[in-house]
Structures are given as structure tokens and as C-alpha cells.
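Observations on chain architecture
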Amino acid sequence: MKPKPYKRKVYYYETDAIGIVHHSNFIRWLEEGRLNFFEQMGIFYEDLEKSGIAIILTNVTCDYKKMFKFNEEFEIHIKIKSISHAKFTLSYKIKNKDQVYATAETTHCGVQNNKLISLKKTLPEIYLAMENLIE
């Protein structure tokens, strides 16, 4: 099953003094979208954390294309760009209708007891589900 885009609107508190969304909110939205993406796949961060595994963000890039204003609706489209034994990279498009407002990428790894884990060995079901979604 391919997860659906995460949908939301801009809240007033996310705007700055000139009435546009402050750039830091885009990074927060990536996290919201990512959690939603994984939940649709049946992967819940709280379950991983209960088992002592944490998914760590190791890199984030965001290219801002257009400005959002209060109450505008948007969708976050997420794809799995790559996955290896130790890490995975997601790509994002933040869109309003057909307009792309930002593109982004995040890279993550898994750790347990402060040590890097093999995603393939430690989380084989999750690894396979993600591998099957690579386009």
C-alpha cells in the first residue's frame, strides 16, 4: 500500500511578522508528514522506542520555492528515495494544488543502546516495506 499525502493547513501562529510562514515550520511539517507516512504503513515510533530503538534524523535539506500564508491548505507528498542496511532517505514535495512550495530530503538511521543498528537485520519487516516503496 502506498501511503497517501499528509494534508493540513497553515495555522496563524506559524506565520511571522510579515504574514508568511516562518521557514522553520517547514522542517516541523516534514516530521508531521513523516510520522503520518509511517503510521499509514503500520510503523509507529512509540512502538520502536518501547523496544529501545530510535530513528535518528542525520540530515535535512529544504529548498523553499514559494511562500505560504495563513489558512492556506497544503499536502506533503513523501517518497522513499533510498534505503541501505544502516540508513534511509526520504524525499518530500510540499504542495498546494499543483504548485510546489518546497522540496526536501531527510536521512535517518536507527540506533539501539546508542549504537547504529542494521535496519535489515533488526527491523526486517520495516526494511522490506520501505524497500518495496522505492520508486
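The structure presented is a predicted model; accordingly, all values stated were derived computationally and were not measured.

**A look at the packing of aromatic side chains**
Both the distance between ring centres and the angle between the ring planes are used here to describe each pair of aromatic rings. For the coordinates displayed, the defined rule picks out twelve aromatic pairs. Judged by centre distance (6.0 Å) and plane angle (10°), the rings of tyrosine 11 and tyrosine 13 are stacked. With a relative accessible area of 36%, tyrosine 11 lands in the partly exposed category. The exposed category is assigned to tyrosine 13, whose relative accessible area is 63%. Of the aromatic side chains, those joined through ring pairs into one cluster are Phe26, Trp29, Tyr64, Phe68, Phe74 and Tyr101.

**A short note on the pairing of strand S1 (residues 6-9)**
Regular strands have side chains that alternate between both faces of the sheet. What you see with S1 is a clean split: Tyr6 and Arg8 sit on the buried side and Lys7 and Lys9 on the side with no burial. In the sheet, S1 pairs with strand S3 (residues 73-83) via four bridges, with the strands oriented antiparallel. Looking at the pairing, arginine 8 lines up with phenylalanine 74 of S3.

**A short note on empty space enclosed by the protein**
Evaluated as defined, the whole model comprises two cavities of 30 Å³ or more. Contributing to the lining of the largest cavity are Phe38, Ile43, Tyr45, Leu48, Ile55, Ile83, Phe88, Leu119, Leu123, Ile126, Tyr127 and Met130. Put simply, the parts of the chain that give the lining of the largest cavity at least two residues each are helix H2 (45-50) and helix H4 (124-131). The residue inventory of the lining of the largest cavity, partitioned by class, reads twelve nonpolar, no polar and no charged. Quantified by volume, the second largest cavity comes out at close to 40 Å³.

**Examining the layout of surface pockets**
For the largest pocket, the calculated volume is near 230 Å³. Forming the boundary of the largest pocket are 15 residues, of which Lys2, His77, Ile78, Lys79 and Lys93 lie nearest the centre. Of all elements in the fold, only helix H1 (24-40), S3 and strand S4 (87-96) reach the threshold of two or more residues within the lining of the largest pocket. Of the residues that constitute the lining of the largest pocket, the class distribution is six nonpolar, four polar and five charged. In this model, the second largest pocket occupies a volume close to 150 Å³. Taken together, Lys7, Arg8, Glu73, Phe74, Glu75, His77, Lys95, Asn96 and Lys97 form the lining of the second largest pocket. Among the secondary structure elements, those contributing two or more residues to the lining of the second largest pocket are S1, S3 and S4. For the lining of the second largest pocket, the element with the highest residue contribution is S3, accounting for four residues. A per-class count over the lining of the second largest pocket returns one nonpolar, two polar and six charged.

**Describing the environment of glutamate 131**
Structurally, glutamate 131 is set in helix H4. In this structure, the C-alpha to C-alpha distance between glutamate 131 and lysine 81, residues 50 residues apart in sequence, is 9.5 Å.

Reading guide: rules and limits
Residues numbered from 1 in each chain as written. Predicted model: local features only at pLDDT ≥ 70, side-chain atom pairs only at ≥ 80, totals over all residues. Heavy atoms only, no water. Phe/Tyr/Trp six-rings, centres within 6.5 Å; stacked < 30°, edge-to-face > 60°. Buried < 20%, exposed > 50% of the residue type's maximum accessible area, 1.4 Å probe, protein only. Helix = DSSP H or I, 4+ residues; strand = E, 2+ residues; numbered from the N terminus. Pairing = 2+ DSSP bridges. 1 Å grid on protein atoms, 1.4 Å probe; cavity = no way out; pocket = protein on both sides within 12 Å on 5 of 7 lines; lining within 4 Å. Points joined across faces, edges and corners; volume = space filled by probe spheres on them. Nonpolar A, V, L, I, M, F, W, Y, C, P; charged D, E, K, R; others polar.

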